[in-house]
Amino acid sequence: MKLDNVIAVRKAKKVYRDGDKCIKVFDKDYSKADVLNEALNQARIEETGLNIPKVLEVTTIDGKWAIVSDFIEGVTLAELMEKNPDKLDEYLNVLVDVQLEIQSKTCPLLNKLKDKMNRKISEADLDATTRYELHSRLEGMPKHNKVCHGDINPSNIIVTNDGKYYIIDWSHATQGNASADAARTYLLFCLKENEEIAKKYLEIFCKKSDTAKQYVEKWLPIVAASQSVKGNEDERQFLLSWTDVVEYN
């Protein structure tokens with residue numbers, strides 16, 4: 001495998017293209033368990049029939065773990081949104097349609113979203129009272145088993161030349177409540193200081209899924225606390241500011 005064509009650089013990993021293969025190489029100190037879990041998630045999602053790159057191999061390269069999968073030729077939805085700002089509404093509708101297609105699937109062997117969030121809330125830099133309130137709210141939320149991507153945003157959707165949509169990056173995939181996944185996407189837009197886009201996204205999601213906006217908003221403190229455990233300091237502080245267990249208007 002050739003590693004001379006870098007196509008993306010992420011925290012603790014680099015992504016290369018070698019012909020029709022995509023090679024994600026993790027840093028040497030990256031958790032083996034997390035690498036294997038990501039590959040397993042992706043393999044399990046393949047079985048749902050969603051358009052995703054197929055896992056071809058899990059290997060090591062110069063002592064670093066790597067996941068080799070299909071390379072999908074195309075442009076990301078994020079690139080299209082930046083190139084054609086006048087088509088924002090159209091692209092947000094595509095984002096929601098893709099997300100709803102994901103959430104129409106079930107995958108019984110995926111980790112459960114509630115279990116992951118309970119664990120993350122316990123690790124969050126919050127006082128005991130706030131953690132208790134968040135755990136209590138999470139426990140009171142309905143238990144669903146829909147596939148949740150965990151990081152659905154325009155940069156994780158690739159549009160091919162023939163108009164197909166492929167979803168990448170399944171490291172955070174779980175099964176659980178679709179509205180929690182929507183809350184995560186809302187916060188991702190807010191993290192990039194795109195609050196107006198975030199609001200528009202949420203309106204479209206709620207309309208197309210026939211979900212009350214207030215219900216998604218109930219997930220925001222829970223999801224923010226869960227996501228605050230990782231990320232840089234600025235992101236962590238921003239997310240922690242959303243963890244008050246109050247109603248958002």
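How each quantity is defined
Residues numbered from 1 in each chain as written. Predicted model: local features only at pLDDT ≥ 70, side-chain atom pairs only at ≥ 80, totals over all residues. Heavy atoms only, no water. Helix = DSSP H or I, 4+ residues; strand = E, 2+ residues; numbered from the N terminus. Buried < 20%, exposed > 50% of the residue type's maximum accessible area, 1.4 Å probe, protein only. Polar contact = N/O pair within 3.5 Å; in protein donor to acceptor, adjacent residues only side chain to side chain. Contact = heavy atoms within 4.5 Å. Pairing = 2+ DSSP bridges. Axes fitted to C-alpha atoms, helices over the stretch in contact; angles between N-to-C directions. Parallel < 35°, antiparallel > 145°, perpendicular 65-115°, else oblique. Left-handed = near helix turned anticlockwise from the far one by under 90°. Nonpolar A, V, L, I, M, F, W, Y, C, P; charged D, E, K, R; others polar. Expected span 1.5 Å × (residues − 1). Salt bridge = Lys/Arg side-chain N within 4 Å of Asp/Glu carboxyl O.

### Describing the side chain of Asn-153
So, point 1. Tracing the sequence through the fold places Asn-153 in the loop between strand E7 (146–148) and strand E8 (157–159).
So, point 2. Looking at Asn-153, the relative accessible area reads 9%, which means it is buried.
So, point 3. A polar atom in the side chain of Asn-153 sits 2.4 Å from the side chain of Ser-155.
So, point 4. Setting aside residues up to four positions removed in sequence, Asn-153 forms contacts with Leu-95 and Leu-188.

### Let's talk about the sheet that holds strand E4 (residues 55–61)
So, point 1. Pairing is antiparallel in the open sheet, where five strands are placed in the order E1-E2-E3-E5-E4. The two strands at the open ends of the sheet, each matched to only one other strand, are strand E1 (6–10) and E4. Averaged over all neighbouring strand pairs, the angle between strand axes comes to 20°, with direction disregarded.
So, point 2. Each of strand E3 (21–26), E4 and strand E5 (64–70) is contacted by helix H1 (residues 32–46), which is oriented at about 15° to E5, the strand it contacts most.

### A closer look at the side chain of Asn-156
So, point 1. Position of Asn-156 among the secondary structure elements: in the loop between E7 and E8.
So, point 2. From its side chain, Asn-156 meets the backbone oxygen of Asp-151 in a polar contact 2.9 Å long.
So, point 3. In this structure, Asn-156 is in contact with His-149, Asp-151, Tyr-166, Ile-167, Ile-168 and Asp-169, ignoring residues within four places of it in sequence.

### Some words on the packing of helix H4 (residues 113–123) against helix H8 (residues 213–227)
So, point 1. Axis separation between H4 and H8 bottoms out at 8 Å; the angle between their running directions is 65°. In this view, H4 runs roughly perpendicular relative to H8, as classed from their interaxial angle. Taken as a pair, H4 and H8 cross one another with a handedness that is left-handed. Residues Met-117, Lys-120 and Ile-121 of H4 touch H8, and the partners they reach there are Trp-219, Ile-222, Val-223, Ala-225 and Ser-226.
So, point 2. For the contact of H4 with H8, the class distribution of residues is six nonpolar, one polar and one charged.

### A word on helix H6 (residues 178–191)
So, point 1. With 14 residues, H6 ought to run about 20 Å at 1.5 Å a step, and its terminal C-alpha atoms sit 20 Å apart, in line with that.
So, point 2. Two or three places before Ser-179, at the start of H6, stands the capping residue Asn-177, its side-chain oxygen 2.9 Å from that residue's backbone nitrogen.
So, point 3. Directly beyond the C-terminal end of H6, a positive phi value near 60° is found at Glu-193.

### Digging into the sheet that holds E8
So, point 1. Taken together, the three strands give an open sheet; going across it, the order is E6-E8-E9, and neighbouring strands pair in antiparallel fashion. The open sheet terminates on both sides in strands that have one partner only, identified here as strand E6 (75–76) and strand E9 (165–167).
So, point 2. Sheet topology places E6 next to E8; two bridges connect them, and they run antiparallel. Residue pairing in the sheet places Thr-76 in a bridge with Ile-158 of E8.
So, point 3. Each of E8 and E9 is contacted by helix H3 (residues 88–103), which is oriented at about 60° to E9, the strand it contacts most.

### Overview of the pattern of salt bridges
So, point 1. Evaluated as defined, the whole model comprises six salt bridges.
So, point 2. One salt bridge connects Asp-89 with Lys-200, and the closest N-O pair in it is separated by 3.2 Å. Of this pair, Asp-89 sits in helix H3 while Lys-200 sits in helix H7 (residues 195–209); the two residues are 111 residues apart in sequence, bridging distant segments of the chain.
So, point 3. Overall, Asp-89 belongs to the partly exposed group, its relative accessible area being 39%.
So, point 4. Measuring nitrogen to oxygen at the nearest pair gives 2.6 Å for the salt bridge that ties Glu-233 to Arg-236. Taken together, the positions of Glu-233 and Arg-236, both in helix H9 (residues 233–240) and three residues apart, correspond to about one turn of that helix.
So, point 5. On the basis of relative accessibility, which here comes to 22%, the residue Arg-236 falls in the partly exposed class.

### Some remarks on the pairing of strand E2 (residues 13–18)
So, point 1. By the bridge criterion, four bridges tie E1 to E2 in an arrangement that is antiparallel. If you follow Val-9 over to E2, its bridge partner there is Lys-14.
So, point 2. What sits between the antiparallel neighbours E1 and E2 is a turn of two residues, in which Ala-12 has the positive phi angle 70°.
So, point 3. As judged from the six bridges shared by E2 and E3, these two strands associate in the antiparallel manner. Each residue of the ladder has a partner; that of Lys-13, found in E3, is Phe-26.
So, point 4. Following E2, the chain reverses through two residues before pairing antiparallel with E3; Gly-19 in that reversal takes a positive phi of roughly 65°.

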